[in-house]
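Okay, here's what each chain looks like letter by letter:
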Amino acid sequence: MINKAVFFDRDGTINIDPGYIGNPDLVELYPGTASAIAELKKAGFRIVVISNQSGIARGYFTSSEVEAVNQKINSLLKDQGTEIDAFYYCPSHPDFNTHEECKCRKPSPYLVFKAAEEMKLDLGSSYFAGDSLSDIECGINAGIKTILVKNGRTEEQISNLLVEGKIPNFIACDLQETSKLIINDFLGGN
Ligand SMILES: [Mg+2]
């Protein structure tokens, strides 16, 4: 069976981003994250997180700590009746790692393609949503539709993010609006 998916950035998109989270106790989901994910899953989307975690390369935390944070995110979501299907992350940063080791780092579409292969995902009916330019570029590089999630940032901050040729298909205030845009777009296109 071929599945469609929504790829999400993690920090600043799913959960509030205090900067380099290595402690599960610091995880705080944005309000509405769980219901947005539940609605997308009900519409048949798999939910996959694609995250840059260069805090590992920088020595701020270990991969086990990143995984503990991922598990905490899922346990908070499970309390609200839903969950993320898979988490992929890139531990590398060009200041500390080789070019080869950084091939997973967004805006490279490497982890999107890896997830698509492992989870049998149909990229033609999939989406990438995130709060940074690297998320939009990653989606564009993977050839899928993109949504920039504002999550409280000002119009000025958002317009500074948008550079020529890297324009998202949609801009959403939050994940609730993101899920509505995706579901409407998918239904409209089929
Ligand atoms: Mg982010």
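About the cut-offs
- Residues numbered from 1 in each chain as written.
- Predicted model: local features only at pLDDT ≥ 70, side-chain atom pairs only at ≥ 80, totals over all residues.
- Core = buried A, V, L, I, M, F, W, Y, C linked by C-beta atoms within 7 Å.
- Buried ≥ 20, exposed ≤ 12 C-beta atoms within 10 Å, placed from the backbone.
- Helix = DSSP H or I, 4+ residues; strand = E, 2+ residues; numbered from the N terminus.
- Contact = placed C-beta atoms within 7 Å.
- Right-handed = clockwise from strand over helix to strand, strands pointing away.
- Pairing = 2+ DSSP bridges.
- Axes fitted to C-alpha atoms, helices over the stretch in contact; angles between N-to-C directions.
- Expected span 1.5 Å × (residues − 1).
- Parallel < 35°, antiparallel > 145°, perpendicular 65-115°, else oblique.
- Left-handed = near helix turned anticlockwise from the far one by under 90°.
- Nonpolar A, V, L, I, M, F, W, Y, C, P; charged D, E, K, R; others polar.

On to the nonpolar core. Membership of the largest hydrophobic core comes to 43 residues, with the highest contact counts inside it found for Val 6, Phe 7, Ile 47, Val 112 and Tyr 127. A total of five residues in this core trace back to one element, the largest contributor, which is strand S2 (residues 45–52). In this view, Ile 47 contacts Val 6, Phe 8, Ile 37, Leu 40, Lys 41, Ile 84 and Asp 85; residues no more than four positions away in its chain are not counted.

All right, on to the pairing of S2 then. Taking burial as the measure, the eight residues of S2 include eight buried ones, the bulk of the element. Burial of S2 is two-sided: the residues Phe 45, Ile 47, Val 49 and Ser 51 facing one way and the residues Arg 46, Val 48, Ile 50 and Asn 52 facing the other way are all buried. As a crossover connection, the stretch from strand S1 (residues 4–8) through helix H1 (residues 33–42) into S2 is right-handed. Bridge analysis of S2 against strand S3 (residues 86–90) gives five bridges, and the strand direction is parallel. Its bridge partner being in S3, Ile 50 is matched across the sheet by Tyr 88. You can see the chain leave S2, run along helix H2 (residues 63–79) and come back into S3, and the turn it takes is right-handed.

Here we come to the environment of Asn 70. Structurally, Asn 70 is set in helix H2. Residues Asn 70 and Ile 84, spaced 14 residues apart in sequence, show a C-alpha to C-alpha distance of 9.3 Å.

Within S1, four of the five residues are buried, leaving the element largely enclosed by the surrounding structure. In the sheet, S1 pairs with S2 via five bridges, with the strands oriented parallel. Counted as the bridge partner of Lys 4 is Phe 45 from S2. The pairing of S1 with strand S4 (residues 127–130) spans three bridges and is classified as parallel. Across the sheet, residue Val 6 finds its bridge partner in S4, namely Tyr 127.

We now examine the environment of Arg 58. Mapped onto the secondary structure, Arg 58 falls in the loop between S2 and H2. In contact with Arg 58, not counting residues within four places along its chain, are His 93 and Phe 96.

Read across the sheet, six strands follow the order S3-S2-S1-S4-S5-S6 without closing on themselves; strand pairing throughout is parallel. Strands with a single pairing partner mark the edges of an open sheet, and in this sheet they are S3 and strand S6 (170–172). Strand after strand, the sheet turns through a mean of 25° between neighbouring axes, direction not considered. Each of S1 and S2 touches H1; the most contacted strand, S2, lies at about 130° to it. Across the sheet, helix H4 (residues 133–142) is in contact with S2, S4 and strand S5 (145–149); its angle to S4 comes to roughly 170°.

Here we come to H2. Between its first and last C-alpha, H2 extends 24 Å over 17 residues, near the 24 Å set by a 1.5 Å rise per residue. Downstream of H2 by a residue or two, Gly 81 has a phi angle that is positive, lying close to 80°.

Orientation of H1 relative to helix H6 (residues 175–188), taken along the N-to-C sense of each, is 15°, at an axis distance of 8 Å. Viewed along their axes, H1 and H6 adopt a mutual orientation that is roughly parallel. Judged by the sense of rotation from one axis to the other, the crossing of H1 with H6 is left-handed. For the pair H1 and H6, contact is made by Thr 33, Ser 35, Ala 36, Glu 39 and Leu 40 and by Leu 175, Gln 176, Thr 178, Ser 179, Ile 182 and Ile 183, respectively. Among the residues making up the contact of H1 with H6, the classes are represented as five nonpolar, five polar and one charged.

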